[in-house]
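Descriptive structure summary
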Amino acid sequence: MTNLRIGEGYDVHRLKTGRPLVLGGVIVPYELGLDGHSDADVLVHAIMDALCGASKLGDIGKLFPDTDPRYAGISSIYLLKQISETLRERGFLIINIDATLVAQAPKVAPYRQQMEENIAAALGIDVGQVNIKATTEERLGFTGDGSGMAAKAVVLLEKQ
């Protein structure tokens, strides 16, 4: 009998001036960046929370608290690698990841392949196991008015 585990993740960050916009480990050219203690990569944060949920690690706030100065400005891709190592140590295999970025702007289609490659490389999995989508909310809510971005992710793990 296989032991499949599903995890769901969600993250949101406010947009502000003076910070780079980092999504899926890619610096996306844009006049605003995401506000946060780390690099605020909302897409990677949602994926990390989904992985943590499926493996019962808690959440990224528990593992990497924003009150800890060690994580100030840290790369979310680096943190994703740490979660990947923990998953392997605990006998989890990543089957697939499906994530959605929710933002009115900028358009991220030109960067999606690189985001998928960055995430797959950080997790030590095939890029075919990672799917990144993007959508707007038709100018509704904080993501639609351009004041923030959100991301959702679903993962499937197998416990060995």
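What you are looking at is a predicted structure, and each value in this text was computed from that prediction instead of being measured.

Moving on: the pairing of strand β7 (residues 148-159). With 12 bridges joining them, strand β1 (residues 3-16) and β7 adopt antiparallel strand pairing. If you follow Asp11 over to β7, its bridge partner there is Ala151. Here 10 bridges tie strand β5 (residues 92-102) to β7, and the two strands are oriented antiparallel to one another. Residue pairing in the sheet places Thr100 in a bridge with Lys152 of β7.

This part takes up the side chain of Asp11. The topology assignment puts Asp11 in strand β1. Despite its burial, Asp11 pairs with no opposite charge, the nearest such side chain being Arg19 at 10 Å. Only 3.1 Å separates the side chain of Asp11 from the side chain of His45, close enough to count as a polar contact.

The terminal C-alpha atoms of helix α4 (residues 112-123) lie 17 Å apart, and with 12 residues this matches the ideal 16 Å at 1.5 Å per residue to within 8%. Among the residues of α4, Met115, Glu116, Asn118, Ile119, Ala120, Ala122 and Leu123 are the ones counted as buried. Elements in contact with the buried residues of α4: β2 (21-23), β3 (26-28), α1 (42-55), α3 (76-89), β5 and β6 (130-135). Positive phi appears at Gly124, one or two residues downstream of α4, with a value of about 70 degrees.

What follows covers the sheet that holds β5. Taken in spatial order, the 5 strands of this open sheet run β4-β1-β7-β5-β6, and their pairing is mixed. In this open sheet, the two strands that pair with only one neighbour each are β4 (33-34) and β6. Strand contacts of α4: β5 and β6, with the helix running at about 140 degrees to β6, the strand carrying the most contacts.

Structurally, Gly73 is set in the loop between α2 (60-63) and α3. Look at Gly73 and you get exposed, because its relative accessible area is 54%. Remark: the alpha-carbon pair of Gly73 and Ala40, spanning 33 residues in sequence, is separated by 8.1 Å. Other than its neighbours up to four places away in sequence, Gly73 contacts His37, Ser38 and Asp39.

It is worth spelling out the pattern of salt bridges at this point. This structure, assessed with the given rule, holds 3 salt bridges. The partner of Lys16 in a salt bridge is Asp35, and the shortest N-O contact between them spans 3.9 Å. Remark: Asp35 occurs in the loop between β4 and α1 and Lys16 occurs in strand β1; sequence separation between them is 19 residues. Its relative accessible area of 34% is what places Lys16 among the partly exposed residues. Here Arg70 makes a salt bridge to Asp68, at a shortest N to O gap of 2.6 Å. On the basis of relative accessible area, Asp68 is assigned to the buried category, the value being 14%.

In this sheet, β6 lies alongside β5 in parallel orientation, the contact comprising 6 bridges. Directly across from Ile97, in β6, lies its bridge partner Val130. Chirality of the crossover, the property in question, places the unit of β5, α4 and β6 among those that are right-handed.

Note that the residue after Ala105, namely Pro106, is joined by a cis bond; omega there is 0 degrees. As for its placement among the helices and strands, Pro106 is situated in the loop between β5 and α4. For Ala40, which is not glycine, the phi torsion reads 65 degrees and is therefore positive. Note that Ala40 resides in the loop between β4 and α1.

Procedures and definitions
Residues numbered from 1 in each chain as written. Predicted model: local features only at pLDDT ≥ 70, side-chain atom pairs only at ≥ 80, totals over all residues. Heavy atoms only, no water. Pairing = 2+ DSSP bridges. Helix = DSSP H or I, 4+ residues; strand = E, 2+ residues; numbered from the N terminus. Buried < 20%, exposed > 50% of the residue type's maximum accessible area, 1.4 Å probe, protein only. Lys, Arg positive; Asp, Glu negative; His and termini not counted. Salt bridge = Lys/Arg side-chain N within 4 Å of Asp/Glu carboxyl O. Polar contact = N/O pair within 3.5 Å; in protein donor to acceptor, adjacent residues only side chain to side chain. Expected span 1.5 Å × (residues − 1). Contact = heavy atoms within 4.5 Å. Axes fitted to C-alpha atoms, helices over the stretch in contact; angles between N-to-C directions. Right-handed = clockwise from strand over helix to strand, strands pointing away.

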